[in-house]
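Residues per chain, in single letters:
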Amino acid sequence: MEGGEAAAADAGGPRFPFPYTPYLIQEQFMAALYGALEAGRVGIFESPTGTGKSLSLICGALAWLRDFERKKQEEEARLLAPEESGQEGKECPASAGAGHAESQGTAGEPDWVTAFVQKKEERDLVDRLKEEQIRRKKREDRLEKIRNNVQLKYAAKRKRAEEDETKRLLQLSKEVLSEGAGDALEQLDHNEEELILAEYESDEEKKVVSGLEEDDDDLEEEHVTKIYYCSRTHSQLSQFVREVQKSPFGKDTRLVSLGSRQNLCVNEEVRRLGALQLINDRCMEMQKNKHEKKSDEENEGKKRRVSRTICPFYSYEQMQFLRDEVLVEVKDIEQLVALGRETKACPYYGSRYAISAAQLVVLPYQMLLHERTRNAAGIKLKDQVVIIDEAHNLIDTITCIHSAELCCAHSQLLQYMERYRKRLKAKNLMYIKQILYLLERFVAMLGGNVNQNPSCQAVSQTGAVLKSINDFLFQSHIDNINLFKVQRYCEKSLISRKLFGFVERYGSPASAVKSNKENQKLSGLQNFLLTLQQGADTEAGAPQSPVVETERDQIQTASPLMQIEGFLSALTNTNQDGRVIINRQGTVGQSSLKFLLLNPAVHFAKVVEECRAVIIAGGTMQPVADFREQLLSCAGVDPARVVEFSCGHVIPPENILPIILCSGPSSQQLEFTYLTRNMPQMMDETGRILCNLCNVVPGGVVCFFPSYEYEKQIYAHWEKTGLLTRLAVKKKIFQEPKKANQVEQVLVEYAKCIKRCSQAGGQMTGALLLSVVGGKMSEGINFSDDLGRCVIMVGMPYPNIKSPELQEKMTWLDKTMPRAAGQPPSKVLIENLCMKAVNQSIGRAIRHQKDFASILLLDHRYARPAIFNKLPQWIRERTQVKPAFGAAFAELRKFHRGKLDAL
């Protein structure tokens, strides 16, 4: 650790505690990060995987936070010092002209008024600082007590056990007393009572009851400057937290991990629901039940009280204890869940109550980048620091979070209304009718009718049509409905949860609802769950039973109204930033409505405006033009505020051999365009290259294809020509599976085979893994050491420019963005999407300082300057362009033989 500090301190800059002596590039990274945070910049930071990026982010950012807090406390002490020495009562001498009306302050006020206002502001500031000091002291004392007093933990645990027992006995007594007391408005059992919507009182936003009546003051924390660190996946966040635990800051950093209810819920009854939206709704409903419990008890004499389920883990006192435990010691999500189970406290809410006092908040992308989710979690970004890691897909992520595809549920909602019409209040009925009308119009836009089975309705005009939001609203005749109010109603009334409970209960035709219109077209109505996803398996005229079955499966995963909520939310977006795609396929059941966000900067602007500093970091950020132009420039960030940092790799130059190969062994020029890549001679040439490489490359070879279809096609061709058999002599062949749950198994088998071959030393030298760019293997999986001694990229993985979404995005960019180096923005976008995918895939091979690998790019177009310059700097600097195969093969053989001899 001292080595790390000394190295940084010698340079005259800030000191960075580090668990070992850092590499030079780590020191440079931390110094640049510190500078960006101090100056309040927006930074784009690139540090290749294997260079200790996470640790550099942790130590650089937390060293800045430590120094910032120290300076802040020194400033507070300076401001409070005069007051403590009794000088606060002394007025500053009034200025000479204070008594004259002519003497004016800068804002046109007399000087004495200005002086009075300044004095009041100073006093207010001092008062606020004193309050914050008291709160901070209170919190520090509380945490110190927990840290040092094990007895306190046991006492709290024993108290919770006693309370649980008391609650249980009380509940039993109430049940005994309430037996036989019933009011028969309608013969519905207890469970079905829960399906009925509560009275919806107002269209206006109401302040949500927090449920923390007991001691709200405790939650009012002092303003703590904090760092929000977000990444894409749950496993990446857990890995980051483990790095913090190992770092020199692990013992004294107040860190809180946030996650979804799906990851944090400890109530087994709720967890069993599986789908995230169902878990969210059930949890919200249980809270609502808790808040309504008191009013229910007050009205006990007037009507029969409904037995509503309350979550036993949602207890203020228990969550307060969990909050303090979280702040005392760094915990990842798994440890947080274990603590929640042990303390019988909800980790989801307990962790949220820890946010205000935390210094480092670790959370998934969606929670930070989606404003409503951010506000619901109590995340305030004003003057805070945000670090977005693994940010190479940031633009796509923001686009996806704010886009929505639609799935309709007309018949379930209609039957729900028929079943409970007498029990629903007028306002509920009004909104249900509005939602039914919306669904009817959406289905009509697809060319369908809600009274017929979607799988049997053929669509006359197929293809995709894009419309602006306004055009879509007018053409579907829903422009007279206030979508904001309908959306708010869906949120507040929890109707999607109620409808899901109803469908669960009456989903199968056997237990169909006996409504007034008994058995009316049950097969058409009961199963009118429009699976409006592309590629649905159901076909017109297919037998009814399998259709019913697949739709029933989908009902189980989520309430059909949930997508409606997402779609309505998207439609209330600003008009110029989005499009509605009406995608009409063979049948209505196969067609879809989709909202596409064109300008992700709209949603990123608020983050950049509010934060003190924003750092966008990743292992492969090239090409960075996308971030600068599409995200930062469109979000109104001053170019002078943007800082870029890119560092090399820790591996020595001789450990990597990147080659751009322009032609194959039979001098066939390599150009894998849509027109040429399917030619037999091109597929044969690719096979010959692989055969030659597998003869000289030890261990594992990973070969990336532009798509699953092309990988399948080339595999079938090689099988037919016998080339696959020749390849299999040297390497066992594995194919990337399409299903995510099979990836792990294939990787384990692949690794075992390589290990077995290296120990046996026979004719077979390892394995060949055929993968797909943008697939399961091209991101987040490390092919370190023998798992990836050579990475091959077949062709250039350009996106499908015929896709309506991409075409609309290209048109929008050409209209709104300036030309870059004489090129239209749409062309730059296509190139950037391609090279981002390439860079992600080829970066899989080198994972640590002593690793080595060769990288082969099969296409002469990679040598073009515009493309070549978009490779990561550390690869670009070492890349050789080889026009002929002979020279490239000699170089590869020399490289791998040299490495084998050195081992």
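None of the values given here were measured: they were computed from a predicted structure.

### Digging into the overall build of the chain
Then comes step 1: Scanning the chain from terminus to terminus reveals 35 helices and 18 strands.
Then comes step 2: For the chain, the proportion of its 903 residues judged to be buried stands at 51%.
Then comes step 3: A separation of at least 24 residues holds for 81% of the contacts in the chain among residues at least 6 apart in sequence.
Then comes step 4: As displayed, the chain has an accessible area near 41500 Å², and 51% of this comes from carbon and sulfur atoms.

### Considering the packing of aromatic side chains
Then comes step 1: Enumeration over the complete set of coordinates arrives at 16 aromatic pairs.
Then comes step 2: Look at Phe29 and Phe645: their rings are 5.6 Å apart centre to centre, the planes differ by 85 degrees, and that puts the pair in the edge-to-face class. Taken together, the positions of Phe29 in helix α2 (residues 24-39) and Phe645 in strand β11 (residues 642-646) put the pair 616 residues apart, joining distant regions of the chain.
Then comes step 3: Residue Phe29 is classed as buried on the basis of its relative accessible area, which comes to 2%.
Then comes step 4: Three or more aromatic residues link up through ring pairs in this structure, and these residues are Phe29, Phe45 and Phe645.
Then comes step 5: Here the basic side chain of Arg352 rests over the ring of Tyr348, its NZ or CZ set 3.7 Å away from the ring centre.
Then comes step 6: Directly above the ring of Tyr710 sits Arg677, whose terminal nitrogen or CZ lies 4.9 Å from the centroid.

### Some remarks on the packing of helix α7 (residues 234-246) against helix α12 (residues 333-343)
Then comes step 1: With their axes 9 Å apart at the nearest point, α7 and α12 run at an angle of 90 degrees to one another. Considering the angle they form, α7 stands roughly perpendicular to α12. Contacts between α7 and α12 pair His234, Ser238 and Gln245 from the former with Ile333, Glu334 and Gln335 from the latter.
Then comes step 2: Its residues placed into classes, the contact of α7 with α12 shows one nonpolar, four polar and one charged.

### Examining the pairing of strand β2 (residues 227-231)
Then comes step 1: Summarising burial for β2: five of the five residues are buried, a large majority.
Then comes step 2: Both faces of β2 are covered, namely the face carrying Ile227, Tyr229 and Ser231 and the face carrying Tyr228 and Cys230.
Then comes step 3: Inspection of the sheet shows β2 paired to strand β4 (residues 360-364) by five bridges, in the parallel sense. If you follow Ser231 over to β4, its bridge partner there is Pro364.
Then comes step 4: Judged from the four bridges that link them, β2 and strand β5 (residues 385-388) form a sheet pairing that is parallel. Residue pairing across strands places Ile227 opposite Val385, the latter belonging to β5.

### Thoughts on the pairing of strand β12 (residues 656-661)
Then comes step 1: Of all the six residues making up β12, six are buried; the element is thus mostly covered by neighbouring parts of the structure.
Then comes step 2: With six bridges joining them, β12 and strand β17 (residues 853-858) adopt parallel strand pairing. Looking at β17, one finds that Ile656 is bridged to Ala853.
Then comes step 3: As defined by bridge partners, β12 adjoins strand β18 (residues 880-882) across three bridges and the pair is classed as parallel. Looking at the pairing, Ile660 lines up with Val881 of β18.

### Here we look at the sheet that holds β11
Paired through backbone hydrogen bonds, the strands of a sheet run either parallel or antiparallel to each other.
Then comes step 1: Read from one edge of the open sheet, seven strands run β3-β4-β2-β5-β10-β1-β11, paired in parallel fashion. Two strands bound the open sheet, and with one partner strand each, they are β3 (255-257) and β11. The sheet shows a mean angle of 15 degrees between the axes of neighbouring strands, taken without regard to direction.
Then comes step 2: Sheet analysis places strand β1 (residues 42-46) next to β11, joined by five bridges and oriented parallel. Each residue of the ladder has a partner; that of Gly43, found in β11, is Val643.

### Quick notes on the pattern of salt bridges
Then comes step 1: Under the criterion given, the structure shown has 24 salt bridges.
Then comes step 2: In this structure, Asp324 engages Arg323 in a salt bridge whose closest nitrogen and oxygen atoms are separated by 3.2 Å. Both residues of the pair, Asp324 and Arg323, belong to the buried class.
Then comes step 3: Each of the salt bridges in this network shares a partner with another, and the network as a whole consists of Arg66, Asp67, Arg70 and Glu74.

### Topic: the sheet that holds β17
Then comes step 1: The seven strands lie next to each other as β14-β15-β13-β16-β17-β12-β18, forming an open sheet whose pairing is parallel. Every interior strand has two partners, whereas the edge strands, β14 (731-735) and β18, have only one. With strand direction ignored, the average angle separating the axes of adjacent strands in the sheet is 20 degrees.
Then comes step 2: Here strand β13 (residues 699-705) pairs with strand β16 (residues 790-794) via four bridges, running parallel. Bridge pairing in β16 links Val702 to Val791.
Then comes step 3: Along the sheet face, helix α27 (residues 680-696) touches β12, β13, β14, β15 (766-772), β16 and β17 and points at about 170 degrees away from the line of β17.

### Details of the nonpolar core
Then comes step 1: Of all hydrophobic cores here, the largest spans 69 residues; its most connected members are Leu394 and Phe604.
Then comes step 2: With five residues, the top contributor of residues to this core is helix α25 (residues 601-610).
Then comes step 3: Once you skip the residues sitting within four places of it in the chain, Leu394 turns out to touch Leu369, Ile388, Phe604, Ile616, Phe627 and Leu631.
Then comes step 4: Grouped together as the second largest cluster of nonpolar side chains are 40 residues, Tyr416, Ile432, Phe502 and Phe567 included.

### Some thoughts on the environment of Val643
Then comes step 1: Inspection of the secondary structure assignment puts Val643 in strand β11.
Then comes step 2: Along the sequence, Val643 and Gly35 sit 608 residues apart, while their C-alpha atoms lie 9.9 Å from each other.
Then comes step 3: Contact partners of Val643, with chain neighbours within four places excluded, come to Ala36, Arg41, Val42, Gly43 and Ile44.

### Topic: the side chain of Glu831
Then comes step 1: Counting through the fold element by element, Glu831 comes out in helix α32 (residues 825-842).
Then comes step 2: Of note is the side chain of Glu831, whose polar atom sits 3.0 Å from the side chain of Lys870.
Then comes step 3: When near neighbours in sequence (up to four residues on either side) are disregarded, Glu831 contacts Tyr798, Gln823, Ala866, Ile867 and Lys870.

### A word on the confidence of the model for the chain
Then comes step 1: Averaged over every residue, the pLDDT of the chain is 75; the share at 70 or more is 75%.
Then comes step 2: Confidence drops under pLDDT 50 across residues 301-307; counting only partners more than four residues distant or on other chains, this segment forms 12 contacts.
Then comes step 3: Note that pLDDT drops below 50 for residues 508-557; the model gives that stretch 103 contacts with residues more than four away or on any other chain.

### Points about the side chain of Arg579
Then comes step 1: Here Arg579 is to be found in strand β8 (residues 578-584).
Then comes step 2: Ignoring any residue separated from it by four or fewer positions in sequence, one finds Arg579 in contact with Leu466, Lys467, Ser468, Lys594, Phe595, Leu596, Leu598 and Glu808.

### Digging into the packing of helix α26 (residues 625-633) against α32
Then comes step 1: Packing of α26 against α32 brings their axes to within 11 Å, and their N-to-C directions diverge by 125 degrees. Between α26 and α32, the crossing angle belongs to the class labelled oblique. As α26 runs across α32, the sense of the crossing is left-handed. Along its contact with α26, which presents Ala625, Asp626, Phe627 and Gln630, the element α32 presents Leu829, Asn832 and Lys836.
Then comes step 2: For the contact of α26 with α32, the residue count by class is three nonpolar, two polar and two charged.

### Describing unusual backbone geometry
Then comes step 1: Here Asp383, not a glycine, exhibits a phi torsion of approximately 60 degrees, which is positive.
Then comes step 2: Relative to the assigned elements, Asp383 resides in the loop between α15 (371-376) and β5.
Then comes step 3: Asp383 sits in the partly exposed class, given a relative accessible area of 42%.
Then comes step 4: Here the phi dihedral of His477 falls at roughly 60 degrees; this positive angle occurs in a residue that is not glycine.

Rules behind the numbers
- Residues numbered from 1 in each chain as written.
- Predicted model: local features only at pLDDT ≥ 70, side-chain atom pairs only at ≥ 80, totals over all residues.
- Heavy atoms only, no water.
- Helix = DSSP H or I, 4+ residues; strand = E, 2+ residues; numbered from the N terminus.
- Buried < 20%, exposed > 50% of the residue type's maximum accessible area, 1.4 Å probe, protein only.
- Contact = heavy atoms within 4.5 Å.
- Areas by Shrake-Rupley, 256 points an atom, 1.4 Å probe, with all protein chains shown as cover.
- Phe/Tyr/Trp six-rings, centres within 6.5 Å; stacked < 30°, edge-to-face > 60°.
- Lys NZ or Arg CZ within 6 Å of the ring centre and 35° of its normal.
- Axes fitted to C-alpha atoms, helices over the stretch in contact; angles between N-to-C directions.
- Parallel < 35°, antiparallel > 145°, perpendicular 65-115°, else oblique.
- Nonpolar A, V, L, I, M, F, W, Y, C, P; charged D, E, K, R; others polar.
- Pairing = 2+ DSSP bridges.
- Salt bridge = Lys/Arg side-chain N within 4 Å of Asp/Glu carboxyl O.
- Core = buried A, V, L, I, M, F, W, Y, C linked by side-chain atoms within 4.5 Å.
- Polar contact = N/O pair within 3.5 Å; in protein donor to acceptor, adjacent residues only side chain to side chain.
- pLDDT = per-residue confidence, 0-100.
- Left-handed = near helix turned anticlockwise from the far one by under 90°.

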